[in-house]
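Examining the three-dimensional arrangement
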Amino acid sequence: MMTEKQILFAFRGDSLCFIHVLLNALDLDEHGYGGQIVIEGEAVKLVGEMSRPEHSLNALYRQVREKGLIVAVCKACSAKMEATAAVEAEGLPLVGHISGHPSMAHYLAEGYRVITF
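To start, this report covers the structure provided alongside it. Small disclaimer: the values here were computed from a predicted structure and weren't measured.

Among the residues making up helix α3 (residues 58-66), those that are buried are Asn58, Leu60, Tyr61 and Val64. Looking straight down α3, one finds its buried side chains confined to an arc of 160 degrees; they lie on one side. Away from its buried face, by an angle of more than 90 degrees, α3 presents the exposed residues Ala59 and Glu66. In this structure, the buried residues of α3 make contact with α1 (15-30), β2 (34-39), α2 (45-50) and β3 (70-74). Gly68, located one to two residues past α3, shows a positive phi value of around 70 degrees.

The tally for this structure, following the rule as stated, stands at 6 salt bridges. With a closest N to O distance of 3.1 Å, Glu54 and Arg52 form a salt bridge. Given the relative accessible area of 60%, Glu54 is considered exposed. Arg65 is the salt-bridge partner of Glu90, the closest N and O atoms lying 2.7 Å from each other. In this pair, Glu90 sits in the loop between α5 (84-89) and β4 (94-95) while Arg65 sits in helix α3, placing the two residues 25 residues apart along the sequence. Given a relative accessible area of 13%, Glu90 falls into the buried group. Each member of the salt-bridge network shares a partner with another, and the members are Arg62, Arg65 and Glu90.

Reading the values: the criteria
Residues numbered from 1 in each chain as written. Predicted model: local features only at pLDDT ≥ 70, side-chain atom pairs only at ≥ 80, totals over all residues. Heavy atoms only, no water. Buried < 20%, exposed > 50% of the residue type's maximum accessible area, 1.4 Å probe, protein only. Helix = DSSP H or I, 4+ residues; strand = E, 2+ residues; numbered from the N terminus. Arc of directions from axis to C-beta. Contact = heavy atoms within 4.5 Å. Salt bridge = Lys/Arg side-chain N within 4 Å of Asp/Glu carboxyl O.

So this is what it looks like as structure tokens:
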């Protein structure tokens with residue numbers, strides 16, 4: 001079993017791209033490779049959308065949430081994209097290590113390998 005943990009930084013705010021973040025996070029987690037997610041950039045807008053039961057990604061999003069795989073949502077981008085209320089309503093951690101944004105170096109120091117989407 002590989003010991004290196006993977007963390008997925010998702011920047012793109014389009015569902016067709018984000019489905020791969022959710023699927024890969026679940027797959028990595030299932031196989032013991034980590035699979036944590038940091039939601040950054042325009043992807044923060046998806047939190048409010050995916051939380052709605054009728055959204056196409058809702059079931060996958062709920063699986064990821066139940067497993068605790070979303071470890072950070074960008075504080076600065078959430079404010080800029082007017083998504084803070086939705087992120088807080090979902091109980092996701094707003095993180096801003098560097099000028100309001102999550103730090104890749106922070107996760108590298110914790111032994112993660114950073115993968116971007």
